[in-house]
Structures are given as C-alpha cells and as structure tokens.
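Given next are the chains, with one letter for each unit.
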Amino acid sequence: MTSIESVTLEVADPTAANRFYTAAFGLDTQIRLRASQAPTTGFRGFTLSLTVSQPATVNSLIDAALEAGATPLKPAAKSLWGYGGVLQAPDGTIWKVATSAKKDTGPATRQIDQIVLLLGAADVTASKRFYVDQGLAVAKSFGRMYVEFAAESSPVKLALYRRRALAKDAGVSPDGTGSHRLTIGGDAGPFTDPDGFAWQAPSPAPTP
C-alpha cells in the first residue's frame, strides 16, 4: 500500500515557520520545512486539513494558530458535515481545522486525529487514474469532483478535489501562478503528477 510519510512545505523562512507550526499545531515529523524563494502567487492549488474529535479542539487549535500569526479565511462555524474553520499560515499555506462532531464530549485538547492533504486537480478523473497507476487505492470517489485514497497507517491521507471547488472551500480565489511550494514524501515517488505536484522518496526525519 502506497503511503505518504511526510509533506514538505517550501517556505521563505524555515525558522519562523517552524516556530509557527510548533506553537499553532504542535506538528512534528509529518510536516517538514525547506527554504525556498521559488516564485508563487495566489492559490497554490492545495490545502492541508487537520481532523479532530470535537468543536472545542477545533477552537483551541485555531485560536493558537491565530495567536501565532495566522490569518483567518473562514471563521469556525457549524455546517451540515460538522464544525470547522480555515486559516492561512504566515508562509502562505492554507489550513482547515475540522470535526464531524457537532457537540463537545469533553475538554478541549490539542490532539490531531488525522492530517489530510487535498490537491486541487484540473481534471479529477485523469489525476485519479494517474494515482491508481502509481499504486494508490481509492477509498471514496464522487464523480469528477472528489477522490479520497486509502490511508490505512499512512501519517497523511491524500485526496483530490476539483481546483476551483477546493479554492471556494478555502475561501480564496482559485487564481494562482508559479510554484506549489510543496513536496510529498511517499513510497510511490519520485514523480510529478498531472497538476505539477512533486513526490519524492521518503527521507529520514531531520534530527533536532
């Protein structure tokens, strides 16, 4: 089973970004940082989602991120599927924090149940076919709109969403140019997918 071991965000200032992610989410080996000055404007074509157990934890993580310097894109609110909000980290990465629960069952924590990488695809069907050919197994598929791949023990789950719909869900314009500022570390790589997202073989976690 193909898995994603880590996601590398290419940022202008890795030290500042590390400070933010530690304070905001307490993220460790799944999210890595690498210095880059690659030109990029607007929507980078992907979002990262943190799935948690209850609304209080959503609020706890979003509040910590905002205090650490994130910009709110969509305030946390109830919806048909649960509760969540969207923010943008100082390095430009868009994050969604959400839960399928609509009521709290205990005190707020900082426990993250799952990290989901959503890639915006120009043609979801073509990108789905590409990833199946790379050894990924489809867990859920909703026509030409959305595909979710089986994660099993993978630290990061992968999903494809139509690019314009993903931007709308994040609360931003779908327009963007230049680098995605993202590299996916997984045992299917190295390759570049139809939308320009690069995979590389997983590398050992950097030592502190």
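Cut-offs and rules
Residues numbered from 1 in each chain as written. Predicted model: local features only at pLDDT ≥ 70, side-chain atom pairs only at ≥ 80, totals over all residues. Heavy atoms only, no water. 1 Å grid on protein atoms, 1.4 Å probe; cavity = no way out; pocket = protein on both sides within 12 Å on 5 of 7 lines; lining within 4 Å. Points joined across faces, edges and corners; volume = space filled by probe spheres on them. Helix = DSSP H or I, 4+ residues; strand = E, 2+ residues; numbered from the N terminus. Polar contact = N/O pair within 3.5 Å; in protein donor to acceptor, adjacent residues only side chain to side chain. Contact = heavy atoms within 4.5 Å. Nonpolar A, V, L, I, M, F, W, Y, C, P; charged D, E, K, R; others polar. Salt bridge = Lys/Arg side-chain N within 4 Å of Asp/Glu carboxyl O. Buried < 20%, exposed > 50% of the residue type's maximum accessible area, 1.4 Å probe, protein only. Pairing = 2+ DSSP bridges.

Draft legend 1. Fine view of the layout of surface pockets. Counted as a void, the largest pocket has a volume near 560 Å³. Surrounding the largest pocket, 17 residues form its lining, Ser-49, Trp-81, Lys-96, Ala-98 and Tyr-146 being those nearest its centre. Residue assignment for the lining of the largest pocket shows that the elements contributing at least two residues are strand 4 (46–51), strand 7 (94–99), strand 8 (114–121), strand 9 (138–142), strand 10 (146–149) and strand 11 (156–162).

Draft legend 2. Focus on the side chain of Thr-93. Positionally, Thr-93 belongs in the loop between strand 6 (83–88) and strand 7. In terms of polar contacts, Thr-93 uses its side chain to reach the side chain of Asp-91, at 2.5 Å. The contacts of Thr-93, once residues within four sequence positions are left out, are Leu-9, Tyr-21, Arg-44, Phe-46, Leu-48, Leu-87 and Gln-88.

Draft legend 3. Representation of empty space enclosed by the protein within the structure. Tallied over the full model, the rule gives 2 cavities of 30 Å³ or more. Here the largest cavity is characterised by a volume of approximately 60 Å³. As for the largest cavity, its lining consists of Thr-2, Ser-3, Ile-4, Leu-136, Phe-149, Ala-150, Ala-151, Ser-154, Val-156, Lys-157, Leu-158 and Trp-199. The greatest single-element share of the lining of the largest cavity, amounting to 3 residues, is contributed by strand 11. Looking at the lining of the largest cavity, its residues break down into 8 nonpolar, 3 polar and 1 charged. Computed from the structure, the second largest cavity encloses a volume of approximately 40 Å³. Lining the second largest cavity, in full, are Thr-47, Ser-49, Val-86, Ile-94, Lys-96, Leu-118, Leu-166, Asp-169 and Ala-170. Here the lining of the second largest cavity takes 3 residues from helix 4 (residues 163–170), the largest share from any one element. Taken together, the residues that form the lining of the second largest cavity break down as 5 nonpolar, 2 polar and 2 charged.

Draft legend 4. Structural context of the pattern of salt bridges. Counted by the stated rule, this structure contains 3 salt bridges. Lys-157 is the partner of Glu-148 in a salt bridge, and the nearest nitrogen-oxygen pair spans 3.1 Å. In this structure Lys-157 comes out as buried when scored by relative accessible area, which is 15%.

Draft legend 5. Examining the pairing of strand 4 more closely. Along strand 4, 5 of the 6 residues are buried, which leaves the element largely enclosed by surrounding structure. With 6 bridges connecting them, strand 4 and strand 8 associate as antiparallel partners. Within strand 8, the residue paired with Thr-51 across the bridge is Gln-114. As defined by bridge partners, strand 4 adjoins strand 7 across 4 bridges and the pair is classed as parallel. Directly across from Leu-48, in strand 7, lies its bridge partner Trp-95.

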